[in-house]
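Each chain is listed here by its residues.
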Amino acid sequence: MPADARRPVLVTTFVRTLADGLKANLASLDAVTGADTGSSIEVTTVDALAHRIVTEAEGSAPNVLLDEEVLNGRWIAAAAATDVTCPPTRLRQEWENVILARGVRTVEDYLSVSRAGSAQALTRRQRLRVWAAVEHFLDRMQTAGERTFYQLADDAARYARAMSAGDLFPHVVVDEAQDLHPAQWRLLRAVVPDGPNDLFIVGDAHQRIYDHRVALATMGINVRGRSHRLRLNYRTSEEILTWAIALLEGQVIDDLDGGVDDLAGYRSAFRGTRPPTMHGYPTPAAELDGLVSTVRGWIEGGVEPSAIGVAARTRRMADAAARALGDAGIEVCSLDRRWRGGVETGTMHRMKGLEYRAMAVVDVGTRSVPSVHAVTPKTDDPELHAQDTLRELCLLYVACTRAREFLAVSWSGRPSPFLTSLAT
Ligand SMILES: Nc1ncnc2c1ncn2[C@@H]1O[C@H](COP(=O)(O)OP(=O)(O)OP(=O)(O)O)[C@@H](O)[C@H]1O
């Protein structure tokens, strides 16, 4: 770390829970070493960084549209108001993954932009219709005075490019790199001067749970020949890791830089005492009863409640799990809340980057995993269908690899197709 740095080293991660965890870990290290990383290392999320830069540049805090339902409603309205023929979800993907991702601002640019790496093929006529719908959407956003987080990152990147050297960071550490949108990469590229040790990036495309496939070279970030693959896992027992790797068998996963990655040689630092369990129940209520007895068993076996995580694909099911545990007298808290304490419950998305001694992943049945709402029907677009399905599989992989010693996967009705190839 530079001794005379006027600005702290920036560490960015994906969600507030992770940033809070990193800050707490740094504070614990400071307590041992006597260092003061609080003033030399700034930990934040990319969204919070974008928000701050835009607030400073515009003199007031931007309004970010957080409500997914409202956002989807805007795309539905945009599709209805124009004669676009593709579903609103595909329209949104086109906007996020092609137009905003490539920084396209005019219809002329859109008609000529490279679509390499995007699943959907569109004719010129279709693109003109899409553009009309996008303009409708942008008008509505502007009228409401709102932006999405990706738009915010895009705006922040433009402000950051105009910032003076004294406002830039000497070094930036980027965590959970696999899930950043190109606009967020443009922002991170812009807040640190290009040079030696400018960016330190960690990511794992096997854990990609959002839609963005970014080859870092296209973002002006050259990692070729300078990256290292970590193959020793210190978190997850050999038994759980072997099981989780089998989930991804046969999938082609990228290496964040246009190449293909693999899990060959990926291994655990320790053997556990129990293999993962997979258990099907006849009804959701029976599954929740099973969850309560599994969690109770862990607690009676000496696992602290706060070292137990419970994940579900939907918030509804995560909440149902929290209620079932609470009703059984088990201390429980939702990851949606700021306070912690007790068994932690949340959606699989919220589990990103966290770890628990014992992890229950519930409702992994045909009805929920993969989520029908998150997967384009095969008949609409086979390539997008495959892409969406892989993302859902990676989400399950992320949830299961949060476990250090104990993993219990359960469902009611029939098991998820992702589980059917795994032996119990
Ligand atoms: N060299 C090490 N020796 C012992 N334990 C380690 C070492 N490195 C990491 N760990 C432990 O392994 C666990 C996972 O580490 P970490 O959170 O850094 O992994 P990660 O790659 O970010 O995981 P993920 O991306 O899956 O969230 C943590 O409990 C951490 O303390």
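Residues numbered from 1 in each chain as written. Predicted model: local features only at pLDDT ≥ 70, side-chain atom pairs only at ≥ 80, totals over all residues. Heavy atoms only, no water.

1. Section: the site of the ligand
Near the ligand you find Gln207, Tyr234, Arg235, Gly353, Glu355 and Arg402, and these make up its full shell. Arginine 235 is positioned with one of its side-chain polar atoms (N or O) 3.0 Å from an oxygen atom of the ligand. Side-chain polar atom of arginine 402 to an oxygen atom of the ligand: 2.9 Å apart, as the coordinates give it. Alone, the ligand offers 630 Å² of accessible surface; in the complex the protein occludes 44% of this. Across the shell around the ligand, the residue classes tally to one nonpolar, two polar and three charged. (Near = heavy atom within 4 Å. Polar contact = N/O pair within 3.5 Å; in protein donor to acceptor, adjacent residues only side chain to side chain. Areas by Shrake-Rupley, 256 points an atom, 1.4 Å probe, with all protein chains shown as cover. Nonpolar A, V, L, I, M, F, W, Y, C, P; charged D, E, K, R; others polar.)

2. What about the sheet that holds strand β16 (residues 403-412)?
In spatial order, the strands read β11-β16-β15-β12-β14-β13; together these six strands make up an open sheet with parallel pairing. Of all the strands in the sheet, the pair left with one neighbour each is β11 (277-281) and β13 (332-334). Within the sheet, the average angular offset between the axes of one strand and its neighbour, ignoring direction, is 20 degrees. In this sheet, β16 lies alongside strand β15 (residues 356-362) in parallel orientation, the contact comprising five bridges. When the bridges of β16 are listed, methionine 359 appears paired with leucine 407. Strands in contact with helix α10 (residues 238-247) are β11 and β16; relative to β16, the strand with the most contacts, it is inclined by about 45 degrees. Contacting β12 (308-312), β13, β14 (343-347) and β15, helix α12 (residues 315-327) runs over the sheet at an angle of about 160 degrees to β14. (Pairing = 2+ DSSP bridges. Helix = DSSP H or I, 4+ residues; strand = E, 2+ residues; numbered from the N terminus. Axes fitted to C-alpha atoms, helices over the stretch in contact; angles between N-to-C directions. Contact = heavy atoms within 4.5 Å.)

3. Considering the pattern of salt bridges
This structure, assessed with the given rule, holds 29 salt bridges. Salt-bridge contacts for arginine 52 lead to glutamate 42; the nearest nitrogen and oxygen are separated by 2.4 Å. Here arginine 52, found in helix α3 (residues 46-58), pairs with glutamate 42, found in strand β2 (residues 41-45); they are 10 residues apart in sequence, far enough to count as distant. With a relative accessible area of 30%, arginine 52 lands in the partly exposed category. With a closest N to O distance of 3.0 Å, aspartate 336 and arginine 350 form a salt bridge. You can see aspartate 336 sitting in the loop between β13 and β14 and its partner arginine 350 sitting in the loop between β14 and β15, a full 14 residues away along the chain. A cluster of three or more residues bridged by salt bridges with shared partners is formed by Glu58, Arg105, Arg147, Asp154, Asp155, Arg158 and Arg186. (Salt bridge = Lys/Arg side-chain N within 4 Å of Asp/Glu carboxyl O. Buried < 20%, exposed > 50% of the residue type's maximum accessible area, 1.4 Å probe, protein only.)

4. A closer look at the domain arrangement of the chain
Splitting the chain by domain gives domain 1 (9-60 + 151-203), domain 2 (66-147) and domain 3 (238-412). Computed from C-alpha coordinates alone, the two centres of domain 1 and domain 3 are separated by 29 Å. Contacts between domain 1 and domain 3 engage 10 residues on the former and eight residues on the latter. Ranking the residues of domain 1 by area buried against domain 3 places Arg16, Thr17 and Leu18 at the top, with a combined share of 57%. Viewed at the interface, domain 3 and domain 1 are joined by two salt bridges. Between lysine 352 and aspartate 179 there is a salt bridge whose closest N-O contact spans 2.2 Å. Seen at the junction of domain 1 and domain 3, the total is three residue pairs in polar contact (both at pLDDT 80 or more). Here the side of domain 1 that touches domain 3 is composed, by residue class, of three nonpolar, three polar and four charged. (Domains from an automatic or database assignment. Buried area = accessible area lost by both parts, 1.4 Å probe.)

5. A word on the confidence of the model for the chain
Model confidence for the chain is summarised by a mean pLDDT of 92, while 97% of its residues fall at 70 or above. This prediction of the complex comes with two scores: 0.91 for pTM and 0.96 for ipTM. (pLDDT = per-residue confidence, 0-100.)

6. Things to note about α3
If you check α3, its first and last C-alpha atoms are 18 Å apart, about what 13 residues at 1.5 Å a residue would give, namely 18 Å. By the burial criterion, the buried members of α3 are Val46, Leu49, Ala50, Ile53 and Val54. With its buried residues spanning 125 degrees around the axis, α3 presents them on a single face. Each element contacted by the buried residues of α3 is listed here: β1 (9-13), β2, β4 (146-147), α8 (149-161) and α9 (182-190). Looking one or two residues beyond α3, the residue adopting positive phi is glycine 59, at roughly 85 degrees. (Expected span 1.5 Å × (residues − 1). Arc of directions from axis to C-beta.)

7. Remarks on the side chain of histidine 181
Inspection of the secondary structure puts histidine 181 in the loop between β5 (172-174) and α9. At 2.7 Å, the side chain of histidine 181 forms a polar contact with the backbone oxygen of glutamate 96. Sequence-distant contacts of histidine 181, defined by excluding residues within four places in its chain, comprise Glu96, Leu100, Ala101, Tyr150 and His212.

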